[in-house]
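Structural overview for review
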Amino acid sequence: MILLPVLALAPEAQGILHEYQSEVDGKPSYAEQVEAAATLFKARNKSSNKTFREVRAKLHEMCSGARRCCYCEDSCADEVEHIRPKNLYPEQVFVWENYVYACGPCNGPKNNRYAVFAKSDGNLLPIVRPKGAPLQPPPAGDHVLIDPRRENPLDFMELDLLGTFRFVPTANPGTREYHRAKYTIEVLHLNDRDILPDARRCAIGSYKARLHEYRNQKESGISVDDLKQLIQGIRRMPHPTVWAEIKRQRQLHAELAVLFDVVPEALDW
Ligand SMILES: [Zn+2]
């Protein structure tokens, strides 16, 4: 999970999203806003809706590889996901900055799971909404889930490239940064789906092979255009977090440290 590129939606589509949002915000009560958010999003988030076609196209540009999920980076992204759940934050249901493209296995379990740091004591407070209870806005407080549109998840966690290929919080236990990393890893199931560590292990092999190929081709004197194609190939690969960690942790791997010494330009890809 990496910091996503910031891309702007075309002004016309942005304007229509604002209109959609005003319709929700204009409802007289929070409960009615929650209901309108669910109903109107379902009705408009369709391929027949021009604005949502543009939303999806732009979200696609933010994905790695062949439209890989922005959270797990492995499965195909096919759901417009609200970072802040629309059932809790209806005022964010049609907000472009609240969208990422995600896969079902990431989006489904995340659903309405969300937490804030309580204003009173700073403790992590999961937002629980018992069935049948009156709908109330979530308590105020700083958001726990790491937002990959605004924050670099790798400032909070690192991928263990030497063994488990699972994410590990980097801050000291008990700190707010530690809780944010741990919560994000758990809610998105970034570690406990066996296919993900396996896929990351495969990805590091592929990245290394591509880097070796680039080094060899460069030394053989191929054209600048052909080299650019090789670079583009690396940039288009899935699991960009693995690539980011390969660069960040290169000194821990003798083979990588040597490779980057020979082709230091790869640190900028
Ligand atoms: Zn996913």
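Along each chain, the written sequence defines residue order, and numbers are assigned to residues from 1. For a predicted model such as this one, the threshold for reporting local features is a pLDDT of at least 70, and the threshold for listing and counting side-chain atom pairs is 80 or more; totals across whole chains, interfaces and linings nevertheless cover every residue.

1. Section: the domain arrangement of the protein chain
This is how it is decided: Note that the domain bounds were set by an automatic or database domain assignment. Any pair of residues counts as being in contact when their C-beta atoms, constructed from backbone geometry, are within 7 Å of one another. Note on residue categories: nonpolar means Ala, Val, Leu, Ile, Met, Phe, Trp, Tyr, Cys or Pro, charged means Asp, Glu, Lys or Arg, and polar means any other residue, Gly included.
Under the domain assignment, the protein chain is made up of domain 1 (11–187) and domain 2 (195–268). The centre of domain 1, based on its C-alpha atoms, is set 31 Å off from the matching centre of domain 2. Taken together, the 14 residues of domain 1 in the interface contact 18 residues of domain 2. Its residues assigned to classes, the side of domain 1 that touches domain 2 comprises six nonpolar, three polar and five charged.

2. Here's the deal with the packing of helix α6 (residues 195–220) against helix α8 (residues 240–248)
The condition that has to hold: The axes used here are C-alpha line fits, helices contributing only the stretch in contact, and every angle between their N-to-C directions lies in the interval 0 to 180 degrees. Working definition: helices are DSSP H or I runs of at least four residues, strands are E runs of at least two. Numbering for both runs from the N terminus. Small angles under 35 degrees read as roughly parallel and large ones over 145 as roughly antiparallel, with 65 to 115 read as roughly perpendicular and the rest as oblique. A crossing counts as left-handed when the near helix is turned anticlockwise from the far one by less than a right angle, and as right-handed when that turn is clockwise.
Interaxial distance between α6 and α8 falls to 9 Å at its minimum, and their mutual angle equals 60°. It follows from the interaxial angle that α6 and α8 lie oblique. Taken as a pair, α6 and α8 cross one another with a handedness that is right-handed. In this structure, α6 uses Arg200, Ala203, Ile204 and Tyr207 to contact α8, whose residues at the interface are Val242, Trp243 and Ile246. When its residues are assigned to classes, the contact of α6 with α8 shows six nonpolar, no polar and one charged.

3. Quick notes on the pairing of strand β3 (residues 115–118)
Side chains on a regular strand alternate between the two faces of the sheet. Filter applied, for reference: Two strands pair under a simple rule: DSSP has to find at least two bridges between them.
Judged from the three bridges that link them, β3 and strand β4 (residues 124–126) form a sheet pairing that is antiparallel. Paired with Val116 across the bridge in β4 is Leu125. Remark: five residues form the turn of the hairpin made by β3 and β4, two consecutive strands paired antiparallel; Gly122 in that turn has positive phi of roughly 80°. Where β3 lies against strand β5 (residues 141–143), three bridges are found, and the strand directions are antiparallel. Residue pairing across strands places Phe117 opposite Asp142, the latter belonging to β5.

4. Digging into unusual backbone geometry
Quick reminder of the rule: Exposure criterion: with C-beta atoms placed from backbone coordinates, a residue whose C-beta has 20 or more other C-beta atoms within 10 Å is buried, one with 12 or fewer is exposed, and one in between is partly exposed.
Phi at Asn111 is positive, roughly 40°, even though this residue is not glycine. By the secondary structure assignment, Asn111 is in the loop between α4 (104–110) and β3. The exposure class of Asn111 is exposed, given the 10 C-beta atoms found within 10 Å.

5. As for the sheet that holds β3
Either a parallel or an antiparallel arrangement is found when strands of a sheet pair, and the pairing is made through backbone hydrogen bonds. One open sheet accounts for three strands, arranged β4-β3-β5; its pairing is antiparallel. In the strand order of this sheet, the two ends are held by β4 and β5, each with one partner. On average, each strand axis in the sheet is inclined to that of its neighbour by 40°, with strand direction left out of account.

6. Details of the nonpolar core
Test applied: Here, a nonpolar core means buried Ala, Val, Leu, Ile, Met, Phe, Trp, Tyr and Cys residues linked by C-beta atoms lying within 7 Å of one another.
Of all hydrophobic cores here, the largest spans 40 residues; its most connected members are Cys69, Cys70, Tyr71, Val100, Tyr101 and Ala102. At the level of elements, α3 (50–61), β2 (99–102), β6 (157–159), α5 (176–187), α6 and α8 are the ones that each hand at least two residues to this core. Counting residues per element, this core draws most heavily on α6, which supplies five residues. Both domain 1 (11–187) and domain 2 (195–268) contribute no fewer than three residues apiece to this core. Setting aside residues no more than four positions away along its own chain, Cys69 makes contact with Asp74, Ser75, Ala77, Tyr101, Ala102, Cys103 and Cys106.

7. What to know about the packing of helix α1 (residues 11–25) against helix α2 (residues 30–44)
Where α1 meets α2, the axes come as close as 8 Å, and the angle between the chain directions of the two elements is 150°. Relative to α2, α1 is oriented roughly antiparallel. For the pair formed by α1 and α2, the contact residues are Tyr20, Glu23, Val24 and Asp25 on the first element and Gln33, Ala36, Ala37, Leu40 and Arg44 on the second. The residue inventory of the contact of α1 with α2, partitioned by class, reads five nonpolar, one polar and three charged.

8. What to know about the environment of Pro85
Tracing the backbone through its elements, the reader meets Pro85 in the loop between β1 (79–82) and β2. Not counting residues up to four positions away in its chain, the partners in contact with Pro85 are Asn111, Asn112 and Tyr114.

9. Here's the deal with the environment of Arg235
Structurally, the position occupied by Arg235 is in helix α7 (residues 224–235). Here Arg235 falls in the exposed class, since 12 other C-beta atoms lie within 10 Å of it. A C-alpha to C-alpha distance of 31 Å links Arg235 and Asn49, two positions 186 residues apart in sequence.

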